[in-house]
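Residues per chain are reported as follows:
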Amino acid sequence: MIPHNESMMLHTPFHSRCAAACEVNLWEDWKGYTTPQVFTEVDMEYFAVRNSTGVFDLSPMTKYRITGPDSEAFINKLITRDIRKLAVDRVSYVLWCDGEGKVMDDGTIFRLSEDDYRLCCYTRALDWLMWTAEGFEVTVKEETADVAALAVQGPTSCAVFKALGFVGIELLKPFGMSRFKFSGSQVMVSRTGFTGDLGYEVWVEPSLAESFWDALFDAGKPHGIRAIGSSALDMLRIEAGFLQAGVDFIPADETIRAGRSRSPFELGLGWMVSFDKPVFNGRRALLRERAQGSRYAFVYLDVEGNKPAEHAFVYHGDQEVGTITSAAWCPTTKTNIAFAQVDAKFGRPGQSLVAEIYYERELKWTRVMAQCKVTKGALFSPDRRRQTPAPNF
Amino acid sequence: MMTEIKSEYDVVVIGAGHNGLACAASLAKTGRKVIVIEALDSPGGACATTEFYEKFSVSSCAQWLYQLNDSVVSQMSLEQHGFELSARNIPTTVLCESGDHLTVFSDRLEGAGVSDKDKAAFKSFTKQMLKFCDVLSKAFKRRPPNLVDRSFGDVMALLGLGMKIKMLGKTDMRDLMRLGLINIYDVMEENFDNDLLKAAISLDSVMGSHMGPRSPNTVFGYLYRHMGDIYGYGRPGVSVVRGGMGQLGQSMAKAAKAMGVDIELNASVDRISIDLDKVMGVVLKDGRELRAGIVVSSADPKTTFEKFVGLANLETDTLRRVKNVRMKGDAAKLHIALDGLPNFMGLAESRLGDRLLIAPNMEYIEKAFNPSKYGKFSTSPIMDISIPSIHDSGLAPEGKHVLSAIVQYAPYDLEGGWEAGKQPFQNLLIDCLSQYYPGLKHQILSAELLTPVDIEERYLIHGGHWHHGEISLDQILMMRPFPGVSQYSTPVDGLYLSGAGTHPGGGVLGLAGLNTAKEIISQKKNRTG
Ligand SMILES: Cc1cc2nc3c(=O)[nH]c(=O)nc-3n(C[C@H](O)[C@H](O)[C@H](O)COP(=O)(O)OP(=O)(O)OC[C@H]3O[C@@H](n4cnc5c(N)ncnc54)[C@H](O)[C@@H]3O)c2cc1C
């Protein structure tokens, strides 16, 4: 029983620290957990990640632990990429499809040891994972609440960890992971993130969460560390070109209307589909789609002006050819970026399209027909994101 | 005798059940090289005759023939290969403890003081049902329409079915739409007064299923069973095969061989070999591998996908559907070797060859069904009894007889297991029979009970299920055995599913086998060699 005077929302292991730092008291629901949308001011939080270090509590991220002799074969049936290529202590961005070849979710898989993996994702997928596990000697366990996680992102993030005593962290390669001693125990750090910047994610036992937060912020003080909320993260990921499940596509299992789910090809993620591996979910449907063509194309748009093209229709001449799913004015690239889903015919880089943007100022709505250009890829991708040893800013 | 296995077959058929054989023969007719691999030592699958006691033989699984499609018999010239009925149009007599039994002929009723009103109602009821069967039968002789990727033929088939339904006229059309979904109990109450009559008809709609007369869509079960009155060999009504049902299997095997089919008995398939999602052939339990571009499995869908293909090789949505197919048997078989002619209270000797039912009223059937929902067998079970030796003296020594009964309800998942439950159930069955046949115990030479678990083990049918999967509205037509695998082809290229688990369903029909062959032939591109 939850006492009547308490919130029904769950608290992450960092809640006490987030609550203390959340000056504007603006919270939102993330899969049942209450998490800060903004701590102080969105732009400040955004710039912390681009200029120093921002810390984001990603504990509500769904996590599954996959163990057993068939874990590799099981994962390979689940996802579209070939997991056999993933070495121990490496991480891979993955997605998985239903039988119609429509994306159910995306996420990251961490290979912790030979037959031990962690899958982090957006949806709660235990039912699908358990069904997929039929016929394999594998155990799938939900561990969302058993692992606390922070994203520590930005140019000074490596320096922050060094100050924390994580010796050798600068040698960690992108998508690599390593363990470091902390307070008589161990934390795992992976060089991963959702900001497109130099950055890390830290995975700790919930009991260590608060002391780790405190130590991290102490060490980070001289390096401009700051807690960031989901609003800032959204700008960051759009600038870096990362799709958000539930925003840029609806997980196939959650769509109700026919035709609303999207295939990997339709999300610009065809490169993540590997046909030269054993049977995996969606394989037959995706082969068919590859042969017959897709319905939609996913495009990055560089939109003229500075009005975010949120929810805008996209035109080619007079013809409506798609809609925008994510949009933001991105300060570092100084570009008005949008992600759009358009008819498959209109996805060519360089193509000119028009976004019909509506915005409101003091109850006055204005309509802008903004010229857009399809760009080749994401616009923000600094060298520091890839460099090893990681630069010391 | 072992057939020499050639590696170059066009088609490997798994299972020499009547559907597997019908399919193999149809394919051989087109010049394809076909081999049938059967685990048992005789052909026919659940169409089997077994000597269960010295010189006493019985149809050890299916016993009544009422749905076998005419075209199976004619296409394979079965009559020239030893197939013969020993009796046809056999009436059904519903036993009454008082001895005042009711006999149901295909066109009239006799006994049990049945009223003229019921007699008239029976005529109009069977007439209307026959009309409905006629409509549905059109959908049985072809592959079920695919509702997703509609082909022209499928659309025409649906339109044709729609037209047929429309042509029934307003009243009949409304009745079909209404009756199709409701339960047989209510329909009986609407039409008849006589308890024995209501029980006899409603029993037809629940035989072989996990349903009672009050279960939804049992009217469909009735129509399904009576489809044979439209196209069944020996129609109308029920027949028995000379030499037992196994003789049908034997004659089909002979006919198939004459048409060029190779049949290997005592050869068990271990798995189907697959390259990604294309069939390569089969691997036998003895290690041999047979290569073929087309494999037809007439084993049930669960055996086929779980054992032969392997769940790991199926995409999750398919495997979820495989796992969810409802196919736990609820029917057992009782075989008794009798020392003399049986004597049922109040039953004329001339009626001993009838189909004898112990199901005195619908409440009795419903109450027999109830315990099975909770993993218990009926304490007052229903029985569908045949004394085949009345028509066929070859089944028992001179002056002696065999009694064979299909018994419901005997749930596959019996609480406490069948090992412990089998003897008590057999005793109960014999006590129950003795109420109608008091001298029974003195005449028993030997008795054998086959529980659903025994049927599973003996005939290799998952769950021991009559139809390789329940016949109910969610598991018929384009939903049989499950959506996505309803037109005989499967997600594994070159692997076809035939057998009772596919459209139209179980019972001795042969249509699933014929339809599968049609489907393979129409997809000529798959042909090898
Ligand atoms: C108790 C009971 C009573 C019934 N009574 C009647 C009745 O009176 N009238 C009626 O019409 N129907 C009756 N039925 C239903 C009927 O018997 C079946 O629906 C029908 O015989 C199924 O035929 P089939 O060819 O589709 O499958 P099956 O006859 O089951 O054939 C499948 C074949 O595949 C073979 N096989 C399985 N696994 C392997 C393997 N690994 N390797 C090689 N071969 C394999 C099996 O041995 C079998 O021969 C009854 C069923 C039961 C259970």
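Please read all numbers here as calculations on a predicted model, not as lab measurements.

Residue and element names in this part refer to chain B. For chain B, the domain assignment lists domain 1 (5-46 + 65-84 + 241-326 + 465-528), domain 2 (117-227) and domain 3 (328-459). When the two sides are added together, the surface that domain 1 and domain 2 hide from each other amounts to roughly 2,000 Å², 62% of it contributed by carbon and sulfur. Contact with domain 2 buries area across many residues of domain 1, yet Leu 473, Met 478 and Gln 487 alone supply 27% of it, more than any other trio. Where domain 1 packs against domain 2, one counts one salt bridge. A salt bridge links Arg 143 to Glu 519; the shortest N-O distance between them is 2.9 Å. If you look at where domain 1 meets domain 2, you find 14 residue pairs in polar contact (both at pLDDT 80 or more). Among the residues forming the side of domain 1 that touches domain 2, the class breakdown is eleven nonpolar, eleven polar and three charged.

All right, on to the site of the ligand then. Residues and elements named next belong to chain B. Taken together, 36 residues form the shell around the ligand, and within it Asn 19, Glu 38, Trp 64, Trp 466 and Gly 507 come nearest. Backbone polar atom of Gln 63 to an oxygen atom of the ligand: 3.0 Å apart, as the coordinates give it. Contact distances for the ligand include 2.8 Å between an oxygen atom and a backbone N or O atom of Ala 500. Notes on the ligand: free accessible area 1,000 Å², of which the protein chains cover 99%. Listed by contribution, the elements that provide at least two residues to the shell around the ligand are helix H1 (18-29) and helix H16 (452-459).

Below, the discussion takes up empty space enclosed by the protein. Residues and elements named next belong to chain B. Scanning all chains against the criterion turns up four cavities of 30 Å³ or more. Volume-wise, the largest cavity comes out at about 130 Å³. Taken together, 15 residues make up the lining of the largest cavity; nearest its centre are Asp 204, Met 207, Gly 221, Tyr 224 and His 467. Only helix H7 (195-206) and helix H8 (218-226) provide two or more residues apiece to the lining of the largest cavity. In terms of residue class, the lining of the largest cavity is built from six nonpolar, seven polar and two charged. Of the residues that make up the lining of the largest cavity, three or more belong to each of domain 1 (5-46 + 65-84 + 241-326 + 465-528) and domain 2 (117-227).

On to helix H8 (residues 283-292) of chain A, then. Residue and element names in this part refer to chain A. Listing the buried residues of H8 in full gives Arg 283, Ala 285, Leu 286 and Glu 289. For H8, the angular spread of the buried residues around the axis is 160 degrees, confining them to a single face. For H8, the exposed residues set more than 90 degrees away from the buried face come down to Ala 291 and Gln 292. The inward-facing, buried residues of H8 abut strand S5 (91-97). Of the residues flanking the end of H8, it is Gly 293, one or two places downstream, whose phi is positive at about 100 degrees.

With that settled, consider a nonpolar patch on the surface. All names here are of chain B. On the surface, Phe 152, Met 156 and Leu 159 cluster together to form a nonpolar patch covering roughly 350 Å² of accessible area. As for its placement among the helices and strands, Met 156 is situated in helix H4 (residues 152-166). Here Met 156 falls in the partly exposed class, since its relative accessible area comes to 43%.

Before going further, it helps to spend a moment on the interface of chain B and chain A. The partner chain A presents 18 residues to the 17 residues of chain B that form the contact. Buried surface at the junction of chain B and chain A, summed over both partners, amounts to about 1,500 Å²; 53% is from carbon and sulfur atoms. Broken down residue by residue, the surface that chain B buries against chain A is led by Leu 276, Glu 315 and Thr 316 of chain B, which jointly contribute 39%. Where chain B touches chain A, the interface holds five salt bridges. Put simply, Asp 277 of chain B and Arg 283 of chain A hold a salt bridge, and the shortest N to O gap is 2.4 Å. For the pair chain B and chain A, the interface holds eleven residue pairs in polar contact (both at pLDDT 80 or more). Each residue belonging to the side of chain B that touches chain A can be placed in one class, and the counts come to seven nonpolar, four polar and six charged.

Conventions adopted
Residues numbered from 1 in each chain as written. Chains lettered and ligands numbered in written order. Predicted model: local features only at pLDDT ≥ 70, side-chain atom pairs only at ≥ 80, totals over all residues. Heavy atoms only, no water. Domains from an automatic or database assignment. Buried area = accessible area lost by both parts, 1.4 Å probe. Salt bridge = Lys/Arg side-chain N within 4 Å of Asp/Glu carboxyl O. Polar contact = N/O pair within 3.5 Å; in protein donor to acceptor, adjacent residues only side chain to side chain. Nonpolar A, V, L, I, M, F, W, Y, C, P; charged D, E, K, R; others polar. Near = heavy atom within 4 Å. Areas by Shrake-Rupley, 256 points an atom, 1.4 Å probe, with all protein chains shown as cover. Helix = DSSP H or I, 4+ residues; strand = E, 2+ residues; numbered from the N terminus. 1 Å grid on protein atoms, 1.4 Å probe; cavity = no way out; pocket = protein on both sides within 12 Å on 5 of 7 lines; lining within 4 Å. Points joined across faces, edges and corners; volume = space filled by probe spheres on them. Buried < 20%, exposed > 50% of the residue type's maximum accessible area, 1.4 Å probe, protein only. Arc of directions from axis to C-beta. Contact = heavy atoms within 4.5 Å. Patch = residues over 30% accessible without salt bridge, like charges linked within 9 Å, V, L, I, M, F, W, Y side chains within 5 Å.

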